[in-house]
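Each chain, letter by letter, is given below.
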Amino acid sequence: MHNHIKRLVESAEKESRLIIGLMSGTSLDGLDIALCDIRGCGTTTQVKVLQFTTCEYPEHVKEKVRQVFAKSLVDLEYLTLLNGWLGNYHGQLIVDTLAYWGIANHDIDVIASHGQTIYHCPAHQHKYSEFGNGTLQIADADHIAVATHITTLSDFRQKHIAAGGEGAPLAHYGDYYYFSSKKEHRLLLNIGGIANLTWLPKNCAFSDVLCSDIGAGNTIMDAYMQRHFQVMYDQNGEVAKSGKVNQALLDSLMAATFIKREMPKTTGPEVFNLALLSQAQTNSNTDHLSHNDVMATLNMFSAKVIAEHITLLSSYVTQVNEPVNVYVSGGGYHNTLLMEKVRAQLSSDYNVLSSQALGISPDAKEAVLFAMLANETLVGESTSVKGESKQSQPITMGKISFPD
Ligand SMILES: Nc1ncnc2c1ncn2[C@@H]1O[C@H](COP(=O)(O)OP(=O)(O)OP(=O)(O)O)[C@@H](O)[C@H]1O
Ligand SMILES: CC(=O)N[C@H]1[C@@H]2OC[C@@H](O2)[C@@H](O)[C@@H]1O[C@H](C)C(=O)O
């Protein structure tokens, strides 16, 4: 048996494993690195987040990714080069971070790398009728494995598509394993560039879980702030607070086809972007608005989409006049205005809290989810991931890259 396989088997047989989860999301803010100690698998999973950091991308890295991000036409030579370059760059960030934490790379069992999504195109979002769902994450994992000398699992979304899913969201696996409860109805809301939610009714089976993207979280607000205010995002919603919501523009944004689409569904910045805003402004004759009023309206748009989708779940589920705890993660949790508006639009049945209340910080949650997916691939019973409505066969996700 090859030594790398032997080492993987040893990792799988241990009582607990050290797994580094990596996430670099649609906001292009940086690489999230979560060092997790994981025990068990499936619904017996126990996770301790030992360390977490976000390595912010310097401007030149953001710029490199922006060259190809969510663009249907790109320079293929550039993309080919960026794939390996970014993998090596992520690898170097991990090496530096482990050194800073004082942890040796041979103590880590595996890295779980999400990669950088650069294009996401579920069938409903592209024009090629001969093709189905597609998604592309770069930052090649062989480069990460070689740079860190740590076996790396990556590219989790392709198996989901190959087995009939849309490649996203994948949150329902980890959310179900780790966050489902016998005592309370839970709703996990992640507000990243794109917002998604996972419904975990009390005492649920995997087949009861509903997980779906719902539309823009921060992505249009961020793009607008970058273009008109030269900053990455609207800190605490301050710019939006100083503006006034324009109802005509809000109605026009709410008319976006994806918003009305039934859950589960998935999307990305390929749809929720400044072009969508510009079209909505033209449709509603609101091109003259001040930047602050546009931001106020975009903030309200995200809040309304979130609140409407949460409320819509009541019609999917029978017992929802019982209280539901909504646990929020993602950078949008820090946008105080957005959170105020979400709370204001929900009935008193919903109690809005941070995911920290369940032991995982809002910033770390997605990286931890990928660590849990890698753990499943190592030690899970494949049946633990079956039951998704559109996908009856059990699957294991992620490809394995060895360090040499
Ligand atoms: N203090 C803050 N005030 C307002 N917004 C904030 C604050 N901190 C973070 N954000 C928002 O959170 C975003 C980053 O969120 P996050 O890292 O969860 O997104 P992501 O993981 O890149 O996206 P996705 O989950 O869609 O892949 C920032 O771009 C910004 O819009
Ligand atoms: C294609 C892709 O990278 N999608 C991300 C993105 O960020 C949020 C939302 O859009 C979600 O669908 C997904 O990430 C989370 C981690 C998921 O798969 O559950």
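Residues numbered from 1 in each chain as written. Chains lettered and ligands numbered in written order. Predicted model: local features only at pLDDT ≥ 70, side-chain atom pairs only at ≥ 80, totals over all residues. Heavy atoms only, no water.

Within an unreviewed UniProt entry, the label attached to the chain reads Anhydro-N-acetylmuramic acid kinase, and the organism entered is Pseudoalteromonas citrea. Looking at the chain in UniProt, the text filed under Sequence similarities (unreviewed entry) is "Belongs to the anhydro-N-acetylmuramic acid kinase family." As its UniProt record puts it under Function (unreviewed entry), the chain is described as follows: "Catalyzes the specific phosphorylation of 1,6-anhydro-N-acetylmuramic acid (anhMurNAc) with the simultaneous cleavage of the 1,6-anhydro ring, generating MurNAc-6-P. Is required for the utilization of anhMurNAc either imported from the medium or derived from its own cell wall murein, and thus plays a role in cell wall recycling." (UniProt positions renumbered as here; feature names shortened; annotations may be inferred.)

Draft legend 1. Highlighting the packing of aromatic side chains. The tally for this structure, following the rule as stated, stands at 9 aromatic pairs. Measuring from ring centre to ring centre gives 5.3 Å for Trp85 and Tyr89, while their planes differ by 5°; the resulting arrangement is stacked. Of this pair, Trp85 and Tyr89 both sit in helix α3 (residues 76-101), 4 residues apart, which is roughly one turn of the helix. A relative accessible area of 33% means that Trp85 is categorised as partly exposed. A connected cluster of aromatic rings, assembled from ring pairs, spans Tyr173, Tyr176, Tyr177 and Phe206. A cation over a ring is seen here: Lys64 above Trp85, with NZ or CZ 4.9 Å from the ring centre. (Phe/Tyr/Trp six-rings, centres within 6.5 Å; stacked < 30°, edge-to-face > 60°. Helix = DSSP H or I, 4+ residues; strand = E, 2+ residues; numbered from the N terminus. Buried < 20%, exposed > 50% of the residue type's maximum accessible area, 1.4 Å probe, protein only. Lys NZ or Arg CZ within 6 Å of the ring centre and 35° of its normal.)

Draft legend 2. How the structure looks around the UniProt feature "binding site: ATP" (unreviewed entry) in the chain. The residues that UniProt annotates with the feature "binding site: ATP" (unreviewed entry) are Gly25, Thr26, Ser27, Leu28, Asp29, Gly30, Leu31 and Asp32. Relative to the elements of secondary structure, Leu28 occurs in the loop between β1 (16-24) and β2 (30-39). In this structure, Leu28 is in contact with Tyr57, Lys62, Val65, Arg66, Phe69 and Gln116, ignoring residues within four places of it in sequence. The topology assignment puts Leu31 in strand β2. (Contact = heavy atoms within 4.5 Å.)

Draft legend 3. How the structure looks around the packing of helix α2 (residues 59-66) against α3. Direction vectors running N to C along α2 and α3 enclose 140°, while the axes themselves pass 10 Å from each other. Between α2 and α3 lies a crossing of left-handed hand. Facing α2, whose interface residues are His60, Val61, Lys64 and Val65, α3 presents Tyr78, Leu82, Trp85, Leu86 and Tyr89. Its residues assigned to classes, the contact of α2 with α3 comprises 7 nonpolar, 1 polar and 1 charged. (Axes fitted to C-alpha atoms, helices over the stretch in contact; angles between N-to-C directions. Left-handed = near helix turned anticlockwise from the far one by under 90°. Nonpolar A, V, L, I, M, F, W, Y, C, P; charged D, E, K, R; others polar.)

Draft legend 4. Highlighting the packing of α3 against helix α4 (residues 141-148). Between α3 and α4, whose axes approach to 7 Å, the crossing angle comes to 35°. At the point where α3 passes α4, the crossing takes the right-handed sense. In contact with Gly84, Gly87, Asn88, His90, Gly91, Gln92, Ile94 and Val95 of α3, α4 contributes His143, Ile144, Ala147 and Thr148. The class makeup of the residues in the contact of α3 with α4 is 4 nonpolar, 8 polar and no charged.

Draft legend 5. Structural view of the pattern of salt bridges. Inspection of every chain in the model, using the stated rule, returns 10 salt bridges. Among the salt bridges present, the one from Lys399 reaches Asp155, with a minimum N-O distance of 2.6 Å. Taken together, the positions of Lys399 in strand β12 (residues 399-401) and Asp155 in the loop between β6 (152-154) and α5 (157-162) put the pair 244 residues apart, joining distant regions of the chain. Note that Glu308 and Lys304 form a salt bridge whose closest N and O atoms lie 3.4 Å from each other. Of the two residues, Glu308 and Lys304 are both situated in helix α12 (residues 291-316); the distance of 4 residues between them amounts to about one turn of the helix. Here Glu308 falls in the partly exposed class, since its relative accessible area comes to 36%. Beyond isolated ion pairs, a larger network of salt bridges with shared partners links Glu59, Glu63 and Arg66. (Salt bridge = Lys/Arg side-chain N within 4 Å of Asp/Glu carboxyl O.)

Draft legend 6. Seen up close, the site of ligand 1. Around ligand 1, the surrounding shell holds 21 residues, and the nearest of these are Thr26, Ser27, Asp222, Asn236 and Gly331. Between Asp29 and ligand 1, the recorded distance is 3.1 Å, taken from a side-chain N or O atom to an oxygen atom. Here His334 contributes a backbone N or O atom positioned 3.5 Å from a nitrogen atom of ligand 1. Within the complex, 89% of the 650 Å² of free accessible area of ligand 1 lies under protein. Broken down by class, the residue content of the shell around ligand 1 amounts to 3 nonpolar, 14 polar and 4 charged. Among the domains, domain 1 (3-168 + 362-401) and domain 2 (185-322) are the pair contributing at least three residues each to the shell around ligand 1. (Near = heavy atom within 4 Å. Polar contact = N/O pair within 3.5 Å; in protein donor to acceptor, adjacent residues only side chain to side chain. Areas by Shrake-Rupley, 256 points an atom, 1.4 Å probe, with all protein chains shown as cover. Domains from an automatic or database assignment.)

Draft legend 7. Quick look at the sheet that holds strand β9 (residues 210-216). Read across the open sheet, the 5 strands follow the order β9-β8-β7-β10-β11; overall the sheet is mixed. At either end of the open sheet lies a strand with only one pairing partner, and these are β9 and β11 (350-354). Ignoring which end each strand starts from, the neighbouring axes of this sheet average 20° apart. Pairing between strand β8 (residues 194-200) and β9: 6 bridges, direction antiparallel. Within β9, the residue paired with Ile194 across the bridge is Ala216. (Pairing = 2+ DSSP bridges.)

Draft legend 8. Quick look at a nonpolar patch on the surface. There is a patch of nonpolar side chains on the surface, built from Met1, Ile5 and Val9 and spanning about 290 Å² of accessible area. For Val9, a relative accessible area of 35% corresponds to the partly exposed category. (Patch = residues over 30% accessible without salt bridge, like charges linked within 9 Å, V, L, I, M, F, W, Y side chains within 5 Å.)

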